[in-house]
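Architecture and fold: a report
Below are the chains, spelled out letter by letter.
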Amino acid sequence: MRWWKILGLAGFAGVAATGVVIVRAERRRRAYTPDEIRTRLRDRLAEASPAKESNNSG
């Protein structure tokens, strides 16, 4: 095989692997209900707010 065939196969394998990663992440993201997302966002905001206030107080 020529080097360009090997390069093409490696590129194809990389694209396929990237697709698998994207699909897995999408499934994981869609598994949350809207209430779970809202709760998680509120928790993240609560964690970030005290840190933000302590940085601005000095």
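Quick caveat, the model's predicted, so the values are computed rather than measured. Along each chain, the written sequence defines residue order, and numbers are assigned to residues from 1. In keeping with the model being predicted, local features are shown solely for residues with a pLDDT of at least 70 and side-chain atom pairs are shown and tallied solely at 80 or more, while totals for entire chains, interfaces and linings include all residues. Water and hydrogen atoms were dropped before computing side-chain values, which therefore reflect all heavy atoms in the structure.

1. Let's talk about the overall build of the protein
Quick reminder of the rule: Runs of E in the DSSP output that reach at least two residues are strands. Runs of H or I that reach at least four are helices, and both are numbered from the N terminus. Note on exposure labels: buried denotes an accessible area under 20% of the residue type's maximum, exposed denotes more than 50%, and partly exposed covers the range between, all computed with a 1.4 Å probe on protein chains only. For every accessible area listed, the method is Shrake-Rupley and the probe measures 1.4 Å; residues are considered covered only by the protein chains on display.
From N to C terminus, the protein includes 2 helices and 0 strands. Residues classed as buried in the protein amount to 0% of the 58 residues present. When the accessible surface of the protein is totalled, it reaches about 5700 Å², and 60% of it is carbon and sulfur.

2. Details of the pattern of salt bridges
For clarity, the threshold we go by: Within this document, salt bridges are pairs made up of a side-chain nitrogen of Lys or Arg and a carboxyl oxygen of Asp or Glu, the two lying within 4 Å of each other.
Scanning all chains against the criterion turns up 3 salt bridges. Glu-26 is the salt-bridge partner of Arg-29, the closest N and O atoms lying 2.6 Å from each other. Of this pair, Arg-29 and Glu-26 are both found in helix H1 (residues 3–30), 3 residues apart, which corresponds to roughly one turn of the helix. Put simply, Asp-35 and Arg-38 hold a salt bridge, and the shortest N to O gap is 2.7 Å. Taken together, the residues Asp-35 and Arg-38, both in helix H2 (residues 34–56) and 3 residues apart, mark about one turn of the helix.

3. Comments concerning a nonpolar patch on the surface
Selection criterion: Patches were defined on residues exceeding 30% relative accessible area and lacking a salt bridge, with like-charge contacts within 9 Å and nonpolar side-chain contacts (Val, Leu, Ile, Met, Phe, Trp, Tyr) within 5 Å.
On the surface, a nonpolar cluster with roughly 430 Å² of combined accessible area is contributed by Trp-3, Trp-4 and Leu-7. Given the relative accessible area of 48%, Trp-4 is considered partly exposed.

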